[in-house]
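Take a look at the letters that make up each chain.
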Amino acid sequence: MLAMIPSASFAQQAPLPDKPFAEHRVVLQISDNDPKKQSLVISVAYNLLKFYDPDKVAIELVAFGPGIDLLRTNNANRKRVESLVAQGVRVDVCLNTVDTVERETGKRPDIIPAATPVQVGVGQILSLTENGYTLVRP
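Quick summary incoming for the structure in this document. (Residues numbered from 1 in each chain as written. Predicted model: local features only at pLDDT ≥ 70, side-chain atom pairs only at ≥ 80, totals over all residues. Heavy atoms only, no water.)

When you tally the buried positions in strand S1 (residues 24-30), you get 5 out of 7 residues, the bulk of the element. Where S1 lies against strand S2 (residues 57-63), 7 bridges are found, and the strand directions are parallel. Along S2, the bridge assignment pairs Val27 with Glu60. In this region the chain leaves S1, passes through helix H1 (residues 35-52) and returns to the parallel neighbour S2; the handedness of that crossover is right-handed. Both S1 and strand S5 (residues 134-136) contribute to a ladder of 3 bridges, which runs parallel. Each bridged residue has a counterpart across the sheet, and for Val27 the counterpart in S5 is Leu135. (Buried < 20%, exposed > 50% of the residue type's maximum accessible area, 1.4 Å probe, protein only. Helix = DSSP H or I, 4+ residues; strand = E, 2+ residues; numbered from the N terminus. Pairing = 2+ DSSP bridges. Right-handed = clockwise from strand over helix to strand, strands pointing away.)

Have a look at this one:
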């Protein structure tokens with residue numbers, strides 16, 4: 001099923017994830033469309049879940065710029081990303097980037113339904129780091 005990301009005018013800054021027992025909070029940045037970097041950021045998330053236990057770590061993956069390609073419906077890593085979401089990882093897609101792609105190509109990119117739209121990807125990262133998250137850019 002293909003999902004379209006709503007217009008930026010409807011997006012709000014996403015609330016912080018509710019993980020009351022998390023002892024560690026990590027935000028993973030993906031801003032490259034390089035398949036090796038995409039695979040690496042996914043592997044880092046899996047390794048953190050395995051090492052800390054999904055209830056003990058809050059992980060948020062923020063995609064902006066060319067990094068939103070990781071969250072496209074036709075990305076080869078889609079099942080791996082959806083598996084992370086099923087384990088409590090939150091994935092965010094930058095609507096500024098989505099809007100830019102639409103302006104440049106005339107078509108809104110198809111993004112996986114599991115992605116949470118945020119208005120400004122870097123703003124989301126800043127908000128998370130200001131609230132105790134550690135930024136990791138694999």
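Mapped onto the elements, Val120 comes out in the loop between strand S4 (116-118) and helix H4 (121-130). Taking relative accessible area as the criterion, Val120 reaches 33% and is therefore assigned partly exposed. Along the primary structure Val120 and Val93 are separated by 27 residues, whereas in three dimensions their C-alpha atoms are 8.5 Å apart. In contact with Val120, other than residues within four places in its own chain, are Cys94 and Asn96. (Contact = heavy atoms within 4.5 Å.)

This paragraph deals with the sheet that holds S4. Pairing within the open sheet is parallel, and its 5 strands lie in the order S4-S3-S2-S1-S5. Looking along the sheet, the strands with just one partner apiece sit at the ends: S4 and S5. Within the sheet, the average angular offset between the axes of one strand and its neighbour, ignoring direction, is 30°. Helix H3 (residues 95-105) contacts strand S3 (90-94) and S4 of the sheet and is inclined by roughly 45° relative to S3. (Axes fitted to C-alpha atoms, helices over the stretch in contact; angles between N-to-C directions.)

As a further point, take helix H2 (residues 78-86). Within the span of H2, buried status applies to Arg78, Val81 and Leu84. The arc that holds the buried residues of H2, viewed along the axis, is 125°, so those residues lie on one side. Facing away from the buried side of H2 by over 90 degrees, the exposed positions are Lys79 and Ala86. Once H2 finishes, Gly88 follows within two positions and takes phi at roughly 100°, a positive value. (Arc of directions from axis to C-beta.)

Here Gln38 is to be found in helix H1. Setting aside anything within four residues of it in sequence, one finds Gln38 in contact with Ile30, Asp32, Asn33, Asp69, Leu70, Asn75 and Asn77.

This paragraph deals with the nonpolar core. The biggest cluster of nonpolar side chains holds 26 residues, and the ones touching the most others in it are Ile59, Leu70 and Leu71. If you list the elements that add at least two residues to this core, you get S1, H1, S2, H2, S3 and H3. Ranked by residues supplied to this core, first place goes to H1 with 5 residues. Of all hydrophobic cores here, the second largest spans 9 residues; its members include Val27, Phe64, Leu128 and Tyr133. (Core = buried A, V, L, I, M, F, W, Y, C linked by side-chain atoms within 4.5 Å.)

Take Glu60: it is sitting in strand S2. On the accessibility criterion, Glu60 (0% relative accessible area) is buried. For Glu60, the side chain forms a polar contact with the side chain of Arg90, separated by 3.1 Å. A polar side-chain atom of Glu60 sits 2.8 Å from a polar atom in the side chain of Gln124. (Polar contact = N/O pair within 3.5 Å; in protein donor to acceptor, adjacent residues only side chain to side chain.)

Honestly, it's all geometry; don't read function into it.
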